[in-house]
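The lines below spell out each chain.
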Amino acid sequence: MDYLKYYLKYVKTHLFYLLSLRNVVVIILINITCLIYAIISSSILNSFHLLDASRNEYFTYYTTNYFFFLKIIYIAFIIFINISFFNKDYASYSELFIKNSKTKEDFYITKYISIFIFYFIELLILEAFFYMMLIIVPYGKMYISFIKPFIRLYLYGVYYSLLSSLFLTLFNTYLSSIFVFILYFISFIINSDYQDNKVLLKIFNYVFPFGIDNTLVPFYGSISLILGIFLLTLLNSLVIILNNK
Amino acid sequence: MYISITNVRKSFKKDEILKGVSFEFKDSKKYLIVGENGIGKSTLFKAILNQIKYEGYIEIEGRISYSPDGGALPHFMSSYNFIKTFSTLSDDVVDFDKKCDYYLSEFNMQKKKNSILGSMSKGERQKVNIIKSLLTPSEILLFDEPLSGLDELSRKKFLSMLVSDDRMVIVVSHEKEEFDKRYFNVLVLKDGLLEVLSKVR
């Protein structure tokens, strides 16, 4: 059988499992919330005369607010979906896939591919809301590209998805995943202290990276985030291999 | 085709569920495994399917098709899509549509062909699971509590399908009396060991 067709079948089925009734409700709620937030922070509800007077301020207000909101809501969303998708009871559908060690490998590889595809699609929707308001509201700043911050946001999503699934596999409780989000949030809040030369805080900020301002550049640079994703991929693979040996 | 189990042990924390199970399932015989709740029947299946870690050896010759006990089904997938996706996951099924229609009509599920699984009753989802397993190209069929949720007519049809199927069949069920001992070898899982209760002559 054609390998691509074989893997696509796995990915498609994972995505169907991902779209459980509960997850669909959460996706709809998250998207509605983000759309409302984009509308409100875009100042479209204000008079356009006011907007004419201070386009720059309104533009900065909108982009800063929307990205600040996304940094929290997107990671929270990923942690929630991860909890349901990597939960042991929910994952009982693996019985339908796994018949030998080969199908077991295929199952896990395609599961991660599926969830990253899913997070990418969700990010595209959130990005569409952002650009939609930029088009509707005449800020006159459309030449500024926000592609890179969105790519970085996706990388944060992948990072926290891997970190949360690692915690879920290691500690076997959804609380461990919530703990990851709390630590991310703390890291995000105390980032103003980064000038301090405290080693522990630096390590903490490295393990729980956050995006600075609208650029979303990690405190230790984008390479540190990619390196973190690479390390977490290795750790997740190692834990899965050891668990199934 | 065979499944050879040698001295399989499995513990959950301090509780030893399987205490050295040994048995050889072979050829196209039919087996029924009975036993009390929580005695380890499903655990034995999970060991055969390589889903859990265990001590001992399990050797398998032949492809397995498995129907779990009320396994999680994707809410928004249609029954036809589910059957097609999973039964053709590893190998293609010749004349799939024709065979699928046959089984759907046998289980009175033709009208539910395009219904989403989330809208179905427990019994209907069980039928979909059974059809998927019967259609999967395999030499060995494993069913975990297949009768739960099935109506009387569907039970009879399913059991006659199993008897006439030329593959090896292993069923875990509480409902021993439903299975004809003329066709099924009955095994009991007791105190962590598998014992033969009755053999087909």
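Being a predicted model, the structure only gives us computed values, none of them experimental. Residue numbers run consecutively from 1 along every chain, following the written order of its sequence. All chains are assigned letters beginning with A, and all ligands numbers beginning with 1, in the order in which they are written. The predicted origin of the model limits local features to residues at a pLDDT of at least 70 and limits the giving and counting of side-chain atom pairs to 80 or more, whereas totals for whole chains, interfaces and linings rest on all residues. Think of the side-chain values as coming from all heavy atoms in the structure, minus any hydrogens and water.

Some remarks on the sheet that holds strand E7 (residues 168–172) of chain B
Strands pair in a sheet through their backbones, by hydrogen bonds, and they do so in one of two ways: parallel or antiparallel. Residue and element names in this part refer to chain B. Which entries qualify depends on this criterion: At least two bridges found by DSSP between two strands are what make those strands a pair. Helix and strand assignments follow DSSP, with helices taken as H or I runs no shorter than four residues and strands as E runs no shorter than two, numbered in order from the N terminus. What counts as an axis is a line fitted to C-alpha atoms, over the stretch in contact for a helix, and the angles between N-to-C directions run from 0 to 180 degrees.
Spatially, E5-E6-E7-E3-E8-E9 is the arrangement adopted by the six strands of the open sheet, whose pairing is mixed. Two strands bound the open sheet, and with one partner strand each, they are strand E5 (64–67) and strand E9 (193–198). This sheet shows a mean twist of 20° between the axes of neighbouring strands, independent of strand direction. One ladder, built from four bridges, connects strand E3 (residues 30–34) with E7; its direction is parallel. Counterpart to Ile33 in the pairing with E7 is Val172.

Brief notes about the domain arrangement of chain B
Residues and elements named next belong to chain B. Filter applied, for reference: All the domain ranges listed were derived from an automatic or database domain assignment. Contact criterion: two residues are considered in contact whenever any of their non-hydrogen atoms come within 4.5 Å of each other. Here the quantity called buried area is the accessible surface, traced with a 1.4 Å probe, that two parts lose on coming together, added over both.
Here chain B is described as being made up of domain 1 (1–62 + 140–149 + 166–201) and domain 2 (72–138). For domain 1 and domain 2, the distance between their C-alpha centroids amounts to 25 Å. Tallying the contact residues gives eight residues for domain 1 and eight residues for domain 2. Overall, the association of domain 1 and domain 2 removes approximately 680 Å² of surface from exposure, summing both partners, and the carbon and sulfur fraction of that is 49%.

As for helix H3 (residues 96–106) of chain B
Note: α-helices contain 3.6 residues per turn, so residues at a spacing of three or four share the same orientation. Residues and elements named next belong to chain B. Counted only if it meets this: Only protein chains enter the accessibility calculation, which uses a 1.4 Å probe. A residue is then buried if its area is under 20% of the maximum for its type, exposed if over 50%, and partly exposed in between. The arc in question is the one traced by the directions running from the helix axis out to the C-beta atoms.
Turning to H3, its buried residues are Phe96, Cys100, Tyr103 and Leu104. Along the axis of H3, the buried residues cluster in a sector spanning 100°; they form a single face. Against the buried residues of H3 lie helix H2 (79–87), helix H4 (122–135) and helix H5 (152–164). Positive backbone phi, at 55°, marks Asn108, one or two positions downstream of H3.

Topic: the pattern of salt bridges
Residues and elements named next belong to chain B. The condition is simple: Salt bridges, as used here, are contacts in which a Lys or Arg side-chain nitrogen is within 4 Å of a carboxyl oxygen on Asp or Glu.
For the structure on display, the rule yields 10 salt bridges over all chains. In this structure, the salt-bridge partner of Arg63 is Glu139, at a minimum N-O distance of 2.7 Å. In this pair, Arg63 sits in the loop between strand E4 (55–61) and E5 while Glu139 sits in the loop between H4 and strand E6 (140–144), placing the two residues 76 residues apart along the sequence. For Arg63, a relative accessible area of 36% gives the class partly exposed. A salt bridge links Lys127 to Asp151, with the shortest nitrogen-to-oxygen separation between them at 3.3 Å. Placement of Lys127 in helix H4 and of Asp151 in the loop between E6 and H5 is noted, with a sequence separation of 24 residues between them. Via salt bridges that share partners, Arg63, Asp91 and Glu139 belong to a single interconnected network.

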